[in-house]
Amino acid sequence: MNSKLKLTLGALLLVGGTALLPHLRAQDKQDGADMDPAMMAKMMELATPGEQHKDLASMAGSWEQRYKFRWSPDAEWMETTGTSTVESLLGGRYIMEKVGFEMMGMPMEGIHMLGYDKMKNEYISLWADSMSTWWVTARGKETTDGTVEMKGTMVDVAGERPFRMVIHHKGPDAYDFEMYDTIPPHGELVVMKCEAKRKM
């Protein structure tokens, strides 16, 4: 195997192409080299979906959602409804939720990808929507009562600041979540609440 080809395959593996590992190892054997079996086994174990991924995949389907929004502690809550569809991706490693609702009288679409990082043992989230041209990420862990708390950096025209979201699973057909933003001079504030139920 020439050096350029090895470099290209190495880059693909760094991106996450672990499916190439058996083929790469076979090729290396032909060249008289061998990959460390312990490292290969660890990479395969980390790439294999676990119980958390099964729980995420169980959310696949259609959902009805009720939202509340506010931007300051003295503002009244604004309410709206929406729908979402959830599908499992990449062999059950992630779910992707496509969301639609109205915010301040304007239609809004969003995509939420949610997964579980076995290397760091935490949930990972990516959110993008039709009211921006960037995404927002968050990471977090599950508590003993099954609540998932994720923290990240909110990015919008007001700048960058800490935020967190808390997801409460209520069985296979319902969940709630809250989003907390940092609003000067008030500090952390609940700015969004959502109640979701599976469409039957």
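Draft legend 1. Looking closely at the layout of surface pockets. Taken as a whole, the largest pocket spans an internal volume of roughly 1,000 Å³. Around the largest pocket sit 42 residues that line it, and Trp-127, Asp-129, Met-154, Met-179 and Met-192 are the ones nearest its centre. With six residues, the single largest contributor to the lining of the largest pocket is strand E9 (residues 174-183). Across the lining of the largest pocket, the residue classes tally to 30 nonpolar, seven polar and five charged.

Draft legend 2. Representation of the side chain of His-112 within the structure. Tracing the backbone shows His-112 in strand E4 (residues 106-117). Here Ser-125 takes part through its side chain, which lies 2.7 Å from a polar atom of the side chain of His-112. Once you skip the residues sitting within four places of it in the chain, His-112 turns out to touch Ile-95, Met-96, Glu-97, Ser-125, Leu-126, Trp-127 and Met-165.

Draft legend 3. Summary view of the side chain of Arg-161. Mapped onto the fold, Arg-161 is located in strand E8 (residues 159-169). Looking at Arg-161, its side chain comes within polar contact range of the main-chain oxygen of Gly-159, at 3.3 Å. Apart from residues no more than four positions distant in its own chain, Arg-161 is found in contact with Gly-152, Thr-153, Met-154, Asp-156, Asp-181 and Thr-182.

Draft legend 4. Region of the structure containing the sheet that holds strand E1 (residues 61-69). If you trace the 10 strands once around the closed barrel, you get E1-E2-E3-E4-E5-E6-E7-E8-E9-E10, paired in antiparallel fashion. Sheet twist, expressed as the mean angle between neighbouring strand axes with direction ignored, is 25°. Relative to strand E3 (residues 94-103), strand E2 (residues 78-89) runs antiparallel, the two being bridged by eight bridges. Bridge pairing links Ser-88 to Ile-95 in E3.

Rules behind the numbers
Residues numbered from 1 in each chain as written. Predicted model: local features only at pLDDT ≥ 70, side-chain atom pairs only at ≥ 80, totals over all residues. Heavy atoms only, no water. 1 Å grid on protein atoms, 1.4 Å probe; cavity = no way out; pocket = protein on both sides within 12 Å on 5 of 7 lines; lining within 4 Å. Points joined across faces, edges and corners; volume = space filled by probe spheres on them. Helix = DSSP H or I, 4+ residues; strand = E, 2+ residues; numbered from the N terminus. Nonpolar A, V, L, I, M, F, W, Y, C, P; charged D, E, K, R; others polar. Polar contact = N/O pair within 3.5 Å; in protein donor to acceptor, adjacent residues only side chain to side chain. Contact = heavy atoms within 4.5 Å. Pairing = 2+ DSSP bridges. Axes fitted to C-alpha atoms, helices over the stretch in contact; angles between N-to-C directions.

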